Amino acid sequence: MEKALRLIRADSLSAGTAQTGGMIRTAAISGDLVGAQSLWMGRTVVRPGTSSGDHHHGESETGIYVVSGHPVFVFRDPESGSLVRLEASPGDYVWVPPHVPHREENPSPDTEAVVVIARSTQEAIVVNVPSL
């Protein structure tokens, strides 16, 4: 079967993907939506003044591009055991290694944080965990 480029309009993203409390994930490129075989991409919105549940993405590497807002990415340092907070701004990128528990926070009282996510696995692996 011959392959062709696909345009995915912003208003046609699918909420039918794995979710974590405190955020809204929508899929743009996946096996179900376009026939992707080794890539998943989508958008995540963290509402003002909220934080996501703690989670990781299994074997998937995750690349995050901050579109708007000032999201904070929180994880536990494997050497010291202390919590680390990465404060991001529009235009920044964040890399999340496989199996690393983390959460997203949006400290702004009135502005959504919007990020674009790319994963190295075709499915949106989300494993919600009780704590970091």
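Heads up: the structure comes first, above all this text.
These lines cover the structure that appears in this document, whether it is placed above or below. In this text the structure is predicted, and so the values were computed from the model without any measurement. Within every chain, residues take consecutive numbers counted from 1 along the sequence as written. This being a predicted model, a pLDDT of at least 70 is required before a residue's local features are given, and a value of 80 or more before pairs of side-chain atoms are given or counted; all residues contribute to the totals for chains, interfaces and linings. Only hydrogens and water are set aside; all other atoms, that is, all heavy atoms of the structure, feed into the side-chain values.

**Section: the sheet that holds strand β2 (residues 40–46)**
Spatial strand order, β1-β2-β10-β5-β8: 5 strands in an open sheet with antiparallel pairing. Both outer strands of the open sheet, β1 (23–29) and β8 (93–96), are each paired with one neighbouring strand and no more. Strand-to-strand, the axes of this sheet are offset by a mean angle of 25 degrees, without reference to chain direction. Sheet topology note: the β2/strand β10 (residues 113–119) ladder contains 7 bridges and is antiparallel. The residue bridging methionine 41 from the neighbouring strand is alanine 118, located in β10. For two strands to be treated as a pair, DSSP must find no fewer than two bridges joining them. Each helix corresponds to a stretch of at least 4 residues labelled H or I by DSSP, and each strand to a stretch of at least 2 residues labelled E; elements are numbered beginning at the N terminus. For every element, the axis is a line fit to its C-alpha atoms; helices are fit only across the contacting stretch, and the angle between N-to-C directions ranges from 0 to 180 degrees.

**Focus on the packing of aromatic side chains**
Aromatic ring pairs are described here by two measures, namely the spacing of the ring centres and the angle between the planes. Working definition: rings of Phe, Tyr and Trp (its six-membered ring) pair if their centres are within 6.5 Å, and the pair is stacked with planes under 30 degrees apart, edge-to-face with planes over 60 apart, and tilted otherwise. This model, assessed by the stated rule, comprises 1 aromatic pair. Centre to centre, the rings of tyrosine 65 and tyrosine 93 are 4.9 Å apart; their planes meet at 55 degrees, and the pair counts as tilted. Residue tyrosine 65 is found in strand β5 (residues 62–68), and its partner tyrosine 93 is found in strand β8; the two are separated by 28 residues along the sequence. The side chain of arginine 119 reaches across the aromatic face of tryptophan 40, ending 5.0 Å from its centre. Placement of a positive charge over a ring is assigned whenever Lys NZ or Arg CZ falls within 6 Å of the ring centre and within 35 degrees of the normal to the ring plane.

**A short note on the environment of arginine 9**
Mapped onto the fold, arginine 9 is located in the segment before β1. As for arginine 9 and alanine 28, which are separated by 19 residues in sequence, their C-alpha atoms are 8.4 Å apart.

**Side note on unusual backbone geometry**
In the Ramachandran plot, histidine 99 falls in the positive-phi region, its phi being about 65 degrees despite a non-glycine side chain. By the secondary structure assignment, histidine 99 is in the loop between β8 and β9 (102–106).

**A few points about the side chain of glutamate 104**
Among the structural elements, glutamate 104 can be located in strand β9. Working definition: with a 1.4 Å probe on protein chains only, accessible area under 20% of the residue-type maximum means buried, over 50% means exposed, and in between means partly exposed. Counted charges follow a simple rule, with Lys and Arg positive, Asp and Glu negative, and His plus the chain ends left uncounted. The salt bridge definition used is simple: a Lys or Arg side-chain nitrogen within 4 Å of an Asp or Glu carboxyl oxygen. Of the side chains bearing the opposite charge, arginine 25 lies closest to the buried glutamate 104, which forms no salt bridge; the N-O distance is 5.3 Å. For this analysis, residues touch if any pair of their heavy atoms sits within 4.5 Å. Once residues within four sequence positions are removed from consideration, glutamate 104 is found in contact with Met23, Val46, Ser51, Ser52, His55, Ile64, Val72 and Phe73.

Any link to function would need more than the numbers given here.
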